[in-house]
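Chain by chain, the residues run as shown.
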Amino acid sequence: MSRRFEAPKGTFDQLPPASGSRAEVERIMLEQARLAGYQPIETPIFEDTAVFARGVGEATDVVQKEMYTFTDKGGRSLTLRPELTAGIVRALIEHGRLTTGLTKVVCSGPQFRYERPQAGRQRQFSQVDIEAMGSNDPAIDADVILVGHEVFRRLEIPVTLLLTSLGDPVCRPAYRDALLGFLHRLGDQLPAEARARAEQNPLRVLDMKDPRVQALTADAPLMRDFLCNACKAHDQAVQELLAGAGVEWAEAPRLVRGLDYYVRTTFEWQAKSLDAAQNALGGGGRYDKLAEEMGGPPSPGVGFGIGIERVLIACDAEGVLPTPEPHLDAYVVDAVGPEAGAEVTALLAELRETGLSADRAYGGRSVKAQTKSADRAGARYVVLIGRAEMERGAVAVRDMESSEQVEVPRNRVVAWLHERLDTKPEVLGQ
Ligand code: AMP
């Protein structure tokens, strides 16, 4: 017997009908981005490894432990993207797009992290990601957050928006020293993993889930108390804009997030209905120095990434999973056989050309079986090609909701369906 294959560990297949919900969630996210002026961008799934090492930060878990890195046949070190921002920034620098004005882009696609698979955590997952580069105006931070806010409102997922400021290169070094001093004073009381993190990036000790670490660091100094005046003013402005737009948030002074590039505004949306292991639906923040660190011009940026699979889990938990019904405007049933083959194909092409969704059965099945398939496909109308009707230059059309059947001249049937469906025929090729 030949070997059967399975999807690699930590990956998944998306099959109908679940794939329909997924596509709908992605569509809603992309639509919100489009409404706010973000234009689509695509970058490669793999990049020069250094793009992520430099862009995401050598000291992050993502770079140290989770990257899918390989050497290609040309001896280059490449990495499957573990996140989207670094590749987008690389592309905008490479194509000279960061020299003037504001650039707003949106990207949706898979990314890869070698993590321990568990509920809500996979090795391949997808995000919708928006980035606005070229301005440090706090109104852009609010703009980005509002896009995500509207996504969750439309999807009817109750979320908590966690918000904080991580300071900037002016004020963070003093805070880092204060925090490191605090952690050093804890000495051996801190578990080894926390001590190791402290040496690489002490802020990351604050977001450890280990309750011992949380208890020991309950009185740790907080960035909030070290913000310089410029960071304070920025933070205040973002909060005022959000309040003005009716967005609620929770101050989260211990929010760090795992990527090194964040400065100032940093945020995360948590689903109220999910447990802590998988409630982070998405997040983001400012990364004002990233473009320069990646060899580009100064270009402050802010953005978010929202995980599509996590959002689907939250929709499911809330009972608001969008489930688009299978739907076809018309289903062509062939009651004649091979000699009507050309007619069936021509009619289908005509329906689709004018913008109606239409399908047919294949394999010469009985009229009854074809009609059953039409029903299963969710067809609104069946167009039956019968011998008697054909001789009269007509077709029979059945309304699948009322079961009413009428005869319509063949040359009128497309217009007739559009009238019934209240749609306008698209005129193509003119
Ligand atoms: P991050 O890029 O780590 O800030 O993650 C942003 C969002 O991506 C998270 O809130 C999740 O929704 C999603 N995400 C991150 N890692 C994974 C993963 N391993 N599996 C599924 N979703 C993930």
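Placed above this text is the structure.
Just so it is clear, the model here is predicted, and its values are computed rather than measured. (Residues numbered from 1 in each chain as written. Predicted model: local features only at pLDDT ≥ 70, side-chain atom pairs only at ≥ 80, totals over all residues. Heavy atoms only, no water.)

Colleague: When you look at the layout of surface pockets in this model, what are you seeing that I'm missing?
Modeller: One simple way to see leftover space: roll a probe sized like a water molecule over the atoms. What the second largest pocket holds in volume is close to 400 Å³. The wall of the second largest pocket is formed by 19 residues, among which R172, N201, D260, Y261 and Y262 lie closest to the centre. Listed by contribution, the elements that provide at least two residues to the lining of the second largest pocket are α6 (172-186) and α10 (290-293). Examining the composition of the lining of the second largest pocket, we find that three residues originate from one element, α6, more than from any other. Among the residues forming the lining of the second largest pocket, the class breakdown is 11 nonpolar, two polar and six charged. (1 Å grid on protein atoms, 1.4 Å probe; cavity = no way out; pocket = protein on both sides within 12 Å on 5 of 7 lines; lining within 4 Å. Points joined across faces, edges and corners; volume = space filled by probe spheres on them. Helix = DSSP H or I, 4+ residues; strand = E, 2+ residues; numbered from the N terminus. Nonpolar A, V, L, I, M, F, W, Y, C, P; charged D, E, K, R; others polar.)

Colleague: How should the pattern of salt bridges be read in this particular structure?
Modeller: Close approach of charged atoms lets side chains of opposite charge pair. Taken as a whole, this structure holds 31 salt bridges when the rule is applied. Across the pair E343 and R410 runs a salt bridge whose closest N-O atoms are separated by 2.5 Å. Here the residue E343 occupies a position in helix α12 (residues 341-353), and R410 occupies one in the loop between β16 (405-409) and α15 (413-421), the gap between them amounting to 67 residues. Accessibility expressed as a relative area gives 17% for R410, which makes it buried. Connected through shared salt-bridge partners, D61, K65, E193, R197, R204 and D207 make up one network. (Salt bridge = Lys/Arg side-chain N within 4 Å of Asp/Glu carboxyl O. Buried < 20%, exposed > 50% of the residue type's maximum accessible area, 1.4 Å probe, protein only.)

Colleague: Is there a simple way to think about the site of the ligand in this case?
Modeller: If you check the shell around the ligand, you find 14 residues, and the closest are R113, E115, Q122, Q127 and R257. Residue R257 places a side-chain N or O atom 2.3 Å away from an oxygen atom belonging to the ligand. Within the backbone of L281, one N or O atom sits 2.8 Å away from an oxygen atom of the ligand. A total of 490 Å² of accessible area belongs to the ligand in isolation, and the protein chains cover 91% of it. Looking at the shell around the ligand, the elements with two or more residues in it are β6 (124-133), β10 (280-286) and β11 (301-307). Looking at the shell around the ligand, the element that brings in the most residues is β10, giving three residues. In terms of residue class, the shell around the ligand is made up of three nonpolar, six polar and five charged. (Near = heavy atom within 4 Å. Polar contact = N/O pair within 3.5 Å; in protein donor to acceptor, adjacent residues only side chain to side chain. Areas by Shrake-Rupley, 256 points an atom, 1.4 Å probe, with all protein chains shown as cover.)

Colleague: Explanation requested: the environment of P191 in the structure shown.
Modeller: One can find P191 in the loop between α6 and α7 (192-200). C-alpha of P191 to C-alpha of D210: the two residues are 19 residues apart in sequence and 9.2 Å apart in space. Residue contacts for P191: discarding those within four places in its chain leaves D210, R212 and V213. (Contact = heavy atoms within 4.5 Å.)

Colleague: Is there a simple way to think about a positive patch on the surface in this case?
Modeller: On the surface, R365, K368, K372 and R376 cluster together to form a positively charged patch. According to the relative accessible area criterion, K368 is exposed, its value standing at 70%. (Patch = residues over 30% accessible without salt bridge, like charges linked within 9 Å, V, L, I, M, F, W, Y side chains within 5 Å. Lys, Arg positive; Asp, Glu negative; His and termini not counted. Charge placed at Lys NZ, Arg CZ, Asp CG, Glu CD.)

Colleague: For this particular structure, what's the right way to read the nonpolar core?
Modeller: When a protein is soluble and globular, its nonpolar side chains tend to lie buried together. Membership of the largest hydrophobic core comes to 47 residues, with the highest contact counts inside it found for V56, I88, V89, M133, L179, L183 and V205. Elements with a minimum of two residues in this core: α2 (49-56), α3 (61-65), α4 (85-94), β5 (103-112), α6, α7 and α10. With six residues, α6 is the largest single contributor of residues to this core. Within the second largest apolar cluster, 36 residues are counted, among which are I130, V147, F152 and L155. (Core = buried A, V, L, I, M, F, W, Y, C linked by side-chain atoms within 4.5 Å.)

Colleague: Can you walk me through the sheet that holds strand β3 (residues 68-71) in this structure?
Modeller: In a beta sheet, neighbouring strands pair by backbone hydrogen bonds and run either parallel or antiparallel. With respect to topology, three strands assemble into an open sheet ordered β2-β4-β3, the strand pairing being antiparallel. A single partner strand is all that each edge strand has here, and the edge strands are β2 (46-48) and β3. Looking at each pair of strands side by side, their axes are set apart by 35° on average, direction ignored. Contacts from α2 reach β2, β3 and β4 (77-80), with the element oriented near 80° to β2. (Pairing = 2+ DSSP bridges. Axes fitted to C-alpha atoms, helices over the stretch in contact; angles between N-to-C directions.)

Colleague: It is not clear to me how the packing of aromatic side chains should be interpreted in this structure. Could you clarify?
Modeller: Aromatic rings in a pair are described by how distant their centres are and how their planes are angled relative to each other. Across all of its chains, the model carries nine aromatic pairs by this definition. Centre to centre, the rings of F267 and W269 are 5.2 Å apart; their planes meet at 70°, and the pair counts as edge-to-face. F267 gets classed as buried once you look at its relative accessible area, which sits at 0%. The class of W269 is buried, set by a relative accessible area of 1%. Taken together, a centroid distance of 5.8 Å and an interplanar angle of 80° make the contact between Y381 and W416 edge-to-face. (Phe/Tyr/Trp six-rings, centres within 6.5 Å; stacked < 30°, edge-to-face > 60°.)

Colleague: I keep staring at the sheet that holds strand β13 (residues 358-360) and nothing clicks. Help me out?
Modeller: Reading across the sheet, the five strands line up as β13-β12-β14-β15-β16 and stay open at both edges, with mixed pairing between neighbours. Strands at the two margins of the open sheet, each flanked by one partner only, are β13 and β16. When strand polarity is set aside, the average angle formed by the axes of neighbouring strands in this sheet is 30°. Relative to β13, strand β12 (residues 328-334) is paired through three bridges, and the arrangement is parallel. When the sheet's bridge partners are listed, A330 is paired in β13 with A358. Lying over the sheet, helix α13 (residues 367-376) contacts β12, β14 (379-385) and β15 (394-399), oriented at roughly 170° with respect to β12. Against the sheet, α15 contacts β12, β14, β15 and β16, and its axis sits at roughly 160° relative to β14.

Colleague: Which parts of the structure should I look at to understand unusual backbone geometry?
Modeller: Glycine aside, the phi torsion of most residues is negative, and most peptide linkages are trans. Across the junction of P16 and P17, the peptide omega takes the value 5°, indicating a cis bond. Turning to its location among the elements, P17 is positioned in the segment before α1 (18-35). Phi at E156 takes a positive value of approximately 60°, unusual for a residue other than glycine. Residue D422 is not a glycine yet carries a positive backbone phi of 55°.

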